[in-house]
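# Notes for the structure review
Okay, here's what each chain looks like letter by letter:
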Amino acid sequence: YRLSDNDFKAASRDGYDVDWPISYADLAPFYDIVEKYVGITGAAEGNEMLPDGQFLPPMKMSCGEIQLRDKVKAKFNRTVTIGRAAVLTKAQNGRAACHYCGPCERGCRTFSYFSSPFTTVADAQNSGNCTVITNAVVAHVNMDNGANKATGVTYVDRMTREVKEVRGKTVILCAQALESTRILLNSSTTNYPNGLANSSGALGHYLMDHVTGGGAGGELPNMNVKPNANEPDRPNGIYIPRFRNSPSVKKSANFIRGYGYQGSGDAVFNFGAGGYGAVYKQAVKDGTYQIGIGAFGESLARWDNYLEIDKTLKDAWGIPALRISMTHGDNEKALMEDAAAQGAEMLEAAGAINIKMQARTEMPGMAIHELGTARMGNDPKKSVLTPFNQTHDVKNLFVMDGASFVSSACQNPTLTMMAITVRGCAHLIERFKTNDV
């Protein structure tokens, strides 16, 4: 899912925190590059909160999902769309189209489901310009303090416990938000005693993870579809883009930003049916048609959600571990309460019965969408990275992952991480051409 300028420039709209130093227009060409390479199935919707992209043919929605889509559009003028997923629906770049075999969590033999080991890493190796070093657990970035340049990294071999070093003209950390920041915090020098490239003091702060726990589920009694009959068995669900605090909708009363829903609707076997033999077999087939939607809400960037190096704890390779301090606040709680109520209203409009709401605020980490802690910005006194993911303090050191996020929005962040990385690398290539490294 792409972010829109409603996300990149959210602070200008509601006054909370700061805008990203880049706009949607800056990132749109790089979204295009990533989508064409990865292969994204989806449907164009023209939604103001969720920009369209370079889509492969959309997967089919189930009968219940179509009913929800039509009723929600008619009553609320909200969008219900098929999910946008990194799964091929037609052959592309030597990878076969998805054949809907089901157990994607076991791995995809046809590589229809995108994963970096079989795509980006393989292509990098095939270029002849990449050396992959396995079992390498990076401990810290090495520095030439006199020249104020990164010279490489020190790592521990996961199997032998040997300490080794890799040298390079440029160091790019792309290890996931928490780990990239841990490496920087563990790379303190006399010039940067509080973590490498941390003259601003912002390194480790503004940790974010989408808030979950709000939503609703129910049954659609008018659906006579038998379980798994005539319904798509797909590695995907439906998505309802954010509709709160949008340009065309009045501001919500008790919270800022918003949430989007992920969910699905399908017939479910009644494995708890009574009886034996033929009676049981028939009862199992007479399952219920269930539909549910769960919200992912924006996690506000707050200084007091932060990472630091634990003073006593080390990991299995002797590298100091992280200590994480984070809570969700009142705004996140309000988002989930509203998501539960609105979800129930939409399901009711679709004809659902036995609706159950869920308005919990799950603990941070449940979304597994960790972001921030090395935010980008134009002001070196308030941010760690430039708009091109270069550290303000060390010109040949970059962080190209979710650590750079200024705000979390509510969309799954992976596509934006990848687009930001491609943009940062394109800028770095131009600097290499002019020997400005």
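Position numbers for residues start from 1 in each chain and track the written sequence from start to end. Where local features are concerned, this predicted model is filtered to residues with pLDDT of at least 70; where side-chain atom pairs are given and counted, the filter is 80 or more; whole-chain, interface and lining totals use all residues. Excluded from the side-chain calculation are hydrogens and water; included are all heavy atoms of the structure.

## Digging into the environment of threonine 421
The line we're drawing: Starting at the N terminus, helices and strands are each numbered in turn, a helix being any DSSP run of H or I of at least four residues and a strand any DSSP run of E of at least two. Under the scheme applied here, a residue whose accessible area is under 20% of the maximum for its type counts as buried, over 50% as exposed, and between as partly exposed, the area being computed with a 1.4 Å probe on protein chains only. Here a polar contact is taken to be a pair of N or O atoms separated by no more than 3.5 Å, where protein atoms must pair a possible hydrogen donor with a possible acceptor and residues adjacent in sequence count only if both atoms sit in side chains.
As for its placement among the helices and strands, threonine 421 is situated in helix H9 (residues 414-433). Under the relative-accessibility criterion, threonine 421 is labelled buried at 19%. Placed 247 residues apart in sequence, threonine 421 and cysteine 174 show a C-alpha to C-alpha distance of 8.6 Å. Separated by 2.9 Å, the side chain of threonine 421 and the backbone oxygen of methionine 417 make a polar contact.

## Let's talk about the sheet that holds strand S6 (residues 163-167)
This is how it is decided: Only strands joined by at least two bridges in the DSSP assignment are considered to pair. Note on definitions: angles span 0 to 180 degrees between N-to-C directions of axes, and those axes are lines fitted to C-alpha atoms, for helices only across the stretch in contact.
Read across the open sheet, the 3 strands follow the order S4-S5-S6; overall the sheet is antiparallel. Only two strands of the sheet have a single partner each, and these edge strands are strand S4 (136-144) and S6. Taken over all neighbouring pairs, the strand axes of this sheet differ in orientation by 30° on average, direction set aside. Bridge count for strand S5 (residues 149-157) against S6 is 5 bridges, and the pairing is antiparallel. Residue pairing for S6: valine 153 is matched across the bridge by valine 166.

## Overview of the packing of aromatic side chains
Convention followed: Aromatic pairing here means that ring centres of Phe, Tyr or Trp (its six-membered ring) are within 6.5 Å. Orientation follows from the plane angle: under 30 degrees is stacked, over 60 is edge-to-face, and everything else is tilted. Only when the NZ atom of a Lys or the CZ atom of an Arg is both within 6 Å of the ring centre and within 35 degrees of the ring normal do we say a charge sits over the ring.
Here the structure, examined in full by the defined rule, presents 9 aromatic pairs. For the ring pair phenylalanine 8 and tryptophan 20, a centre distance of 5.0 Å and an interplane angle of 90° mean the geometry is edge-to-face. Of this pair, phenylalanine 8 sits in helix H1 (residues 5-8) while tryptophan 20 sits in the loop between helix H2 (10-14) and helix H3 (24-38); the two residues are 12 residues apart in sequence, bridging distant segments of the chain. In this structure phenylalanine 8 comes out as buried when scored by relative accessible area, which is 0%. For the pair tryptophan 20 and phenylalanine 405, a centre-to-centre distance of 5.0 Å together with 70° between the ring planes defines the contact as edge-to-face. Taken together, the residues span a long stretch of sequence, with tryptophan 20 in the loop between H2 and H3 and phenylalanine 405 in the loop between strand S15 (397-399) and H9 at a distance of 385 residues. Taking relative accessible area as the criterion, tryptophan 20 reaches 2% and is therefore assigned buried. The buried category is assigned to phenylalanine 405, whose relative accessible area is 1%. Taken together, Phe8, Trp20 and Phe405 form an aromatic cluster joined through their ring pairs. Just above the ring of phenylalanine 243 sits the side chain of arginine 78; from NZ or CZ to the centre is 3.7 Å. Against the face of tyrosine 206 rests arginine 375, its NZ or CZ located 3.7 Å from the ring centre.

## Observations regarding the packing of helix H4 (residues 63-76) against helix H8 (residues 330-349)
The condition is simple: Roughly parallel here means an angle under 35 degrees, roughly antiparallel means over 145, roughly perpendicular means 65 to 115, and every remaining angle is called oblique. In what follows, a contact means two residues having at least one pair of non-hydrogen atoms within 4.5 Å. For this classification, Asp, Glu, Lys and Arg are treated as charged, while Ala, Val, Leu, Ile, Met, Phe, Trp, Tyr, Cys and Pro are nonpolar and the rest, including Gly, are polar.
In the contact formed by H4 and H8, the axes pass within 8 Å of each other and the chain directions differ by 110°. Comparing their axes, H8 and H4 come out roughly perpendicular. Judged by residue contacts, Leu68, Lys71, Val72, Lys75 and Phe76 of H4 engage Glu345, Met346, Leu347 and Ala349 from H8. Of the residues contributing to the contact of H4 with H8, the split by class is 6 nonpolar, no polar and 3 charged.

## Description of the sheet that holds strand S14 (residues 353-359)
Reading across from one edge, S3-S9-S10-S11-S8-S14 is the order of the 6 strands in this open sheet, with antiparallel pairing throughout. The strands lining the two open edges of the sheet, one partner per strand, are strand S3 (81-82) and S14. Two strands pair when backbone bridges link them, and S3 and strand S9 (residues 238-240) are joined in this way by 2 bridges, in the antiparallel orientation. Bridge pairing links threonine 81 to tyrosine 239 in S9. Its contacts with the sheet place H4 against S9, strand S10 (259-268) and strand S11 (288-297), and it is angled at close to 55° to S11.

## Side note on the nonpolar core
The following threshold applies: Throughout, nonpolar core names a set of buried Ala, Val, Leu, Ile, Met, Phe, Trp, Tyr and Cys residues whose side chains join them through atoms within 4.5 Å.
Ranked by size, the top nonpolar core spans 51 residues in total, and within it Phe8, Trp20, Tyr31, Val141, Leu196 and Leu397 carry the most contacts. Of all elements in the fold, only H3, S4, S5, strand S7 (171-173), helix H6 (177-185), S15 and H9 reach the threshold of two or more residues within this core. The element contributing the most residues to this core is H3, with 7 residues. Once residues within four sequence positions are removed from consideration, leucine 397 is found in contact with Val141, Ala150, Val171, Leu184, Leu196, Ala197, Asn389, Gln390 and Thr391. Leu68, Ile238, Ile291 and Met336 belong to the second-largest nonpolar core, a separate cluster that totals 35 residues.

## A closer look at empty space enclosed by the protein
Over the atoms rolls a probe the size of a water molecule, and its path tells where empty space is left. The cut-off we apply is this: The definitions used throughout rest on a 1 Å grid laid over the protein atoms alone, on which a cavity is an enclosed set of points accommodating a 1.4 Å probe that cannot get out and a pocket is an open set flanked by protein within 12 Å on both sides along at least five of seven lines; lining residues are those having an atom within 4 Å of a point. Grid points are joined across faces, edges and corners, and a volume is the space filled by probe spheres set on the points.
Summed over the entire model, instances satisfying the criterion amount to 1 cavity of 30 Å³ or more. There is about 40 Å³ of room inside the largest cavity. Lining the largest cavity are Tyr16, Asp17, Val18, Arg257, Glu298, Leu300, Ala301, Val406 and Ser407. Within the lining of the largest cavity, the residues separate by chemical class into 5 nonpolar, 1 polar and 3 charged.

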